[in-house]
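Residue-level structural notes
One-letter residues, chain by chain:
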Amino acid sequence: MAKLKDLAKMEDRLVAGHGMCLGCGIPLIFKVVLRATEDPLVIANATGCLEVCTTIFPRTAWNVTWVHSAFENAASTIAGVEAMYKALKRRGKIPKDKTIKFLGTGGDGGTYDIGLQALSGTMERGHDVVYLCYDNNAYANTGGQRSSATPLGASATTSPAGTQSPGKLQWRKDLTKILTAHNIPYVAQASPTRWQDLYNKAKKAFEVEGPAFLNVLCLCPTEWKYEESKGVELAKIAVDTCVWPLYEVENGKYKLNYKPKEKKSILEWIKPQGRFRHLFREEYAWVLEEFQKKVDEEWEELQRLSSL
Amino acid sequence: MKKETWKELTIGTINLEAGNSVQNLTGTWRSGHKPEFIEEHCIQCFFCWLYCPHFAILVEGDEVKGIDYDYCTGCGMCAEECPSKEKSIVMVKEEVKLAEGGTE
Ligand code: SF4
Ligand code: SF4
């Protein structure tokens, strides 16, 4: 089992001086994930918070080869790099015993929405890459527009809450399930505050032959509007309320990685966050009810799938 | 610092200086609170290292040694998550000094 002390000794592949917000969850994810392989790594990054904040001209916070092309095609970009690597290996221009790993990444905007087509293609073609989505539930880099990962009832700039609207009206898209339906060798959902679980999943994702997908919940004090020092607790609550269950699907087989001793009410997740504040008005009580009902249904289904 | 323009860009906008963002001292935008490390209380669990978004926990060998104020933005996550019986990291108010004579 990995120890934090030992991980801390490894070289940082993402370094200090990046411009991410106070309390941002993205570095917490990458600090762990980038240590899950010791092989050289190439990263393709979709437009988004991570991309913008780590490459403020004329500097870069990356210690590895890193490419940005556009919002919608991080998955295609990394697929192209991987295909080139294979071709060069075939021609003997890269030694047979040299292994390079490939990681595509984007936020929920660049993954659930804009990059979905490219991601689907990359997975379906079977490229040997890992794709990681850091899901902070909004287009945070451009001022907090709703995405298809934004939760029901959250106020976003394009789904604002007010007297006529309780915020976003739709239930979030289940991207992990969509990727599972690609029948790839490895799909997992994780959280940075369960670092051991995240580390194990990233390790599996890098080791597996063929495509792997990780969907990781990402703290965002700026758009979720909570006190930034309390982020870790909040991410734990997401898991304990089953709003963000931790599970993996290995070659089609579901496995729950964590079952809360006592499933908490979604109110514990909703209350600390300003984006949900309006939901405590009487007229929006139905949203809270609907939210709990949907979480319960999804949790039931996940338990059923992992007991098969 | 002289501002570079597109004329100085490499073709393909390739940046060959990996990790040169360390020249951006994010500590200059600290919140008005800063963490203080109390070594005697520390149980060396490394949670502060894990949860610091700005890579501002100083580690030497096997030990957490303190805070790197060049990069610490004062978010308070390290202090919040420090589990030692008596906190080994506490947030203290910091007088905010405005930069004199411009930003560079
Ligand atoms: S307050 Fe703590 S966690 Fe936040 S940037 Fe400073 S050292 Fe890191
Ligand atoms: S979290 Fe606290 S006890 Fe743990 S290593 Fe950091 S300062 Fe020490």
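Residues numbered from 1 in each chain as written. Chains lettered and ligands numbered in written order. Predicted model: local features only at pLDDT ≥ 70, side-chain atom pairs only at ≥ 80, totals over all residues. Heavy atoms only, no water.

Contacts between the two partners involve 39 residues from chain A, matched on the other side by 37 residues from chain B. Summed over both sides, the interface of chain A with chain B buries roughly 3,300 Å², with 64% coming from carbon and sulfur. Applying the counting rule to chain A against chain B returns two salt bridges. A salt bridge links A:Lys230 to B:Glu80, with the nearest nitrogen and oxygen atoms 3.7 Å apart. Here chain A and chain B share 15 residue pairs in polar contact (both at pLDDT 80 or more) between them. If you list the elements that add at least two residues to the side of chain A that touches chain B, you get helix H1 (4-9), helix H2 (26-33) and helix H10 (231-240) of chain A. When residues in the side of chain A that touches chain B are grouped by element, the largest group, five residues, is from H1(A). Taken together, the residues of the side of chain A that touches chain B break down into 21 nonpolar, eight polar and 10 charged. (Contact = heavy atoms within 4.5 Å. Buried area = accessible area lost by both parts, 1.4 Å probe. Salt bridge = Lys/Arg side-chain N within 4 Å of Asp/Glu carboxyl O. Polar contact = N/O pair within 3.5 Å; in protein donor to acceptor, adjacent residues only side chain to side chain. Helix = DSSP H or I, 4+ residues; strand = E, 2+ residues; numbered from the N terminus. Nonpolar A, V, L, I, M, F, W, Y, C, P; charged D, E, K, R; others polar.)

All names here are of chain A. One finds Phe 30 and Trp 269 to be the most contacted residues of the largest nonpolar core, which totals 123 residues. For this core, the leading source of residues is helix H12 (residues 285-306), giving seven residues. Beyond its immediate stretch of four places on either side in the chain, Phe 30 contacts Leu 14, Leu 50, Trp 62, Leu 103, Thr 105, Leu 132 and Tyr 134. (Core = buried A, V, L, I, M, F, W, Y, C linked by side-chain atoms within 4.5 Å. Buried < 20%, exposed > 50% of the residue type's maximum accessible area, 1.4 Å probe, protein only.)

All names here are of chain A. Taken together, the four bridges between strand S5 (residues 186-190) and strand S7 (residues 247-250) define a ladder with antiparallel strand orientation. Within S7, the position partnered with Gln 189 by the bridge is Tyr 247. The pairing of S7 with strand S8 (residues 253-256) spans four bridges and is antiparallel. Of the residues in S8, the one forming a bridge with Glu 248 is Lys 255. Where S7 hands over to S8, the hairpin turn is made up of two residues, of which Asn 251 adopts a positive phi near 45°. (Pairing = 2+ DSSP bridges.)

Right, let's talk about the site of ligand 1 for a bit. All residues in the neighbourhood of ligand 1 are listed as B:Pro35, B:Cys52, B:Pro53, B:Ala56, B:Ile57, B:Ile67, B:Cys72, B:Thr73, B:Gly74, B:Cys75, B:Gly76 and B:Cys78. Counted by class, the shell around ligand 1 contains nine nonpolar, three polar and no charged residues. (Near = heavy atom within 4 Å.)

Residues and elements named next belong to chain A. Where H2 contacts helix H8 (residues 195-207), the two axes come as close as 9 Å, and the packing angle between them is 55°. Considered as vectors, H2 and H8 are oriented oblique to each other. For H2 against H8, the interelement crossing comes out right-handed. Counting all contacts with H2, which are made through Ile 29, Val 32 and Val 33, the residues of H8 involved are Trp 195, Leu 198, Tyr 199, Ala 202 and Phe 206. Looking at side-chain class alone, the contact of H2 with H8 contains eight nonpolar, no polar and no charged residues. (Axes fitted to C-alpha atoms, helices over the stretch in contact; angles between N-to-C directions. Parallel < 35°, antiparallel > 145°, perpendicular 65-115°, else oblique. Left-handed = near helix turned anticlockwise from the far one by under 90°.)

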